[in-house]
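Per-entry structural report
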Amino acid sequence: MLPAAPSLTDPPAGNPIAESLAWVQGVALGTIATTIAVIAVAVVGLLMLSGRLDLRRAVIVVAGCFLLFGAGRIAAGLTGLVGAAQSPMAVPNTAPLPQGPLSPPPTIYDPYAGASVPTVR
């Protein structure tokens, strides 16, 4: 028996707005956008080498590429900072301290301490 085909009047299975935003993100950060950004940075570099573009405009183009492709990480970092600021204070470590005599501090061992001094035989 064949499975029933969904009707055209049935609502879509997923959220169409989320799917369209995912498509826009894929286009904005996909291979084509990366290629265009690489070409833009290369053209800016060539224009700077020939003296036709000032440094301020070049920095704006490169910073725009960084902001476009790093927007996800920037947003995650900012939301992480906000989440950390709203979280309650951490409970201090209440592990018991070791009992008994304390061991002396470890001696500093340097295997190369005498390597530059010639030995007399």
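Residues numbered from 1 in each chain as written. Predicted model: local features only at pLDDT ≥ 70, side-chain atom pairs only at ≥ 80, totals over all residues. Heavy atoms only, no water.

Across its full length, the chain holds 3 helices and 0 strands. Its helices and strands taken in sequence order, the chain reads α-α-α from the N to the C terminus. Taking all 121 residues of the chain together, the buried fraction comes to 6%. (Helix = DSSP H or I, 4+ residues; strand = E, 2+ residues; numbered from the N terminus. Buried < 20%, exposed > 50% of the residue type's maximum accessible area, 1.4 Å probe, protein only.)

The next point concerns the packing of helix α1 (residues 16–29) against helix α2 (residues 31–50). The N-to-C vectors of α1 and α2 enclose an angle of 35°; their axes lie 4 Å apart at closest approach. Residues V27, A28 and L29 of α1 lie in contact with α2, whose contacting residues are T31, A33 and T34. (Axes fitted to C-alpha atoms, helices over the stretch in contact; angles between N-to-C directions. Contact = heavy atoms within 4.5 Å.)

This next bit is on α2. Across its 20 residues, α2 extends 29 Å between first and last C-alpha, which sits within 8% of the 28 Å expected from 1.5 Å per residue. Turning to α2, its buried residues number three or more, namely A33, A37 and V44. Buried residues of α2, seen end-on, are gathered within an arc of 40° and therefore sit on one face of the element. In α2, the exposed positions that point more than 90 degrees away from the buried face belong to T31, I32, V38, L46 and L49. Looking one or two residues beyond α2, the residue adopting positive phi is G51, at roughly 85°. (Expected span 1.5 Å × (residues − 1). Arc of directions from axis to C-beta.)

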